[in-house]
Amino acid sequence: MSAETTRTARLARLRTALGEAEVDVVALAPTDNLRWLCGFAPLYDERACLLLVSPQGSAMLMPDLNAEQTAARLPEVELVRWADEDGPVAALHAALARVGASSAARVAADPMMRADHLLLLQAAARGAHTLDASAVLGPLRAVKEAEEIARLARAAEVADRAIEAAWATCAPGVSEREVGERISQVFREAGAEPEFALVASGPHGAFPHHETGERRLVAGDPIVIDLGGALDGYHCDITRMAVIGEPSDRYREIHAIVEAAVVAALDATRPGATCGAVDAAARQVIADAGYGEYFVHRTGHGLGVSGHEPPWVMAGDPTELEVGMVHSIEPGIYLPGEFGIRLEDIVHVTEDGCERFSGLAREVHVAG
Ligand code: ZN
Ligand code: ZN
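Below: a short report on this structure. Computed from a predicted structure; not experimentally measured.

### Quick word on the pairing of strand β6 (residues 129-132)
Link 1 in the chain: In terms of strand pairing, strand β5 (residues 106-109) meets β6 through four bridges, oriented parallel. Its bridge partner being in β6, A109 is matched across the sheet by D132.
Link 2 in the chain: In this region the chain leaves β5, passes through helix α5 (residues 115-124) and returns to the parallel neighbour β6; the handedness of that crossover is right-handed.

Pasting the structure below:
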């Protein structure tokens, strides 16, 4: 599909969803939501820039400064331009009128919109009820098209290579930061954008979101390596473990429990299963092994144009998985003062279950 065909199709799906949600107009800022819808987002700064989509039409409130480039990228979208000396208020009213939303009762706003622009929007749509546009966009973005699955697979290949490079770098005396830099290097060499490289060694592994630092690896360290970035606008995210030297029996025992939790969640992931059921499958394994209180986060999150997006694989979530949905499975056990273990794979839901993007095993990896 051409970029324009994709845009037209997504815009049509959004319009249908607006009708179903009884939303009069949705306002998107130049965020991942706009990137998903249009394949492009103009610079996002203090100048208000909003794409308004209603069942009747669409128009974009556009700072003059960036209008030429946007017009070239989105030829079918009408731009309602405003200049610095005039300010955006009159143009915003004109744009709302253009899409038939001057007296909108329900306005869905991009949750990543700047607060000053949301205030502007609320002042222009006075009296309207404002709701979170995720309610409309989340379900649309969650189900990926074949082209999106292909892009996610290409991004995941970079992530696999980065894990292999990190494994090769882990050795006594090497710092967490140096491992992290090697990861970023692999991303850049592949033409991808590195976004995070979490390297949590030894006791640092007990912090699920440890900030990679200057600690140097020592013999016996388990190391959590969680990395992610984007290639061609689509994200990857993976966690693997390394151990410097021979792993202890305790390490092997905990690693096997986390691995069993991943397998249980993989087995539970299929069309019709709820996100809550997938979370429960992983959580049950860890609870049964006696470590329930040390699994301190949800099992997973969706991934696509954003690194974290719906569906949310968490306790009690009633969202039913559909073919084409993409999410992580990343249970962990965090033992304060000792170490932590997390294993993460991204999967996409298929007719009869799910498929992993990564080609890497999750076994105990001895490094250094
Ligand atoms: Zn993740
Ligand atoms: Zn991750």
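### Considerations on the sheet that holds strand β1 (residues 25-28)
Link 1 in the chain: Here six strands make up an open sheet; going across it, the order is β4-β3-β2-β1-β5-β6 and the pairing mixed. Taken across any chain shown, the strands that pair with only one partner, and hence form the sheet edges, are β4 (78-82) and β6. The sheet shows a mean angle of 25° between the axes of neighbouring strands, taken without regard to direction.
Link 2 in the chain: Seen against the sheet, helix α1 (residues 3-20) touches β1, β2 (50-53) and β3 (58-63) and runs at an angle of roughly 65° to β2.
Link 3 in the chain: In the packing of helix α4 (residues 89-98) onto the sheet, the strands contacted are β1, β2, β3 and β4, and the crossing angle to β4 comes to about 160°.

### A word on α4
Link 1 in the chain: Within the span of α4, buried status applies to A91, L92, A95 and L96. The buried residues of α4 occupy one face: seen down the axis, they fall within an arc of 140°.
Link 2 in the chain: Phi turns positive, to about 70°, at G100, one or two residues after α4.

### Regarding the packing of aromatic side chains
A ring pair, where both rings are aromatic, is described by two values, the distance of the centres and the angle of the planes.
Link 1 in the chain: Inspection of the entire model under this criterion finds two aromatic pairs.
Link 2 in the chain: Aromatic side chains Y251 and F339 sit 5.8 Å apart centroid to centroid with 50° between the ring planes, which places their arrangement in the tilted category. Linking Y251 in helix α9 (residues 249-268) with F339 in strand β14 (residues 339-342), this pair joins segments that are 88 residues apart in sequence.
Link 3 in the chain: Judged by its relative accessible area of 1%, Y251 is buried.
Link 4 in the chain: Residue classification places F339 among the buried positions, given a relative accessible area of 6%.

### Structural notes on the coordination of the zinc ion (ligand 1)
Link 1 in the chain: The protein atoms donating to the zinc ion (ligand 1) are D237 (OD), H301 (NE2), E330 (OE) and E344 (OE), with metal-donor distances spanning 2.0 to 2.2 Å.
Link 2 in the chain: Angles of 82 to 166° at the metal separate the four donor atoms of the zinc ion (ligand 1), which places the site in the irregular class.
Link 3 in the chain: Mapped onto the sequence, the residues coordinating the zinc ion (ligand 1) show the spacing D-x63-H-x28-E-x13-E.
Link 4 in the chain: The zinc ion (ligand 2) is placed at 3.2 Å from the zinc ion (ligand 1), the two being bridged by D237. Here E344 lies in the loop between β14 and β15 (345-350) and H301 lies in strand β10 (residues 300-302), a separation of 43 residues in the sequence.
Link 5 in the chain: Among the residues examined, H301 registers a relative accessible area of 1% and is labelled buried.

Calculation rules
Residues numbered from 1 in each chain as written. Chains lettered and ligands numbered in written order. Predicted model: local features only at pLDDT ≥ 70, side-chain atom pairs only at ≥ 80, totals over all residues. Heavy atoms only, no water. Pairing = 2+ DSSP bridges. Helix = DSSP H or I, 4+ residues; strand = E, 2+ residues; numbered from the N terminus. Right-handed = clockwise from strand over helix to strand, strands pointing away. Axes fitted to C-alpha atoms, helices over the stretch in contact; angles between N-to-C directions. Contact = heavy atoms within 4.5 Å. Buried < 20%, exposed > 50% of the residue type's maximum accessible area, 1.4 Å probe, protein only. Arc of directions from axis to C-beta. Phe/Tyr/Trp six-rings, centres within 6.5 Å; stacked < 30°, edge-to-face > 60°. Donors = N, O, S within 2.8 Å, 3.2 Å for Na, K, Ca; no water. Tetrahedral: all angles 85-135°; square planar, octahedral: opposite > 155°, others 65-115°.

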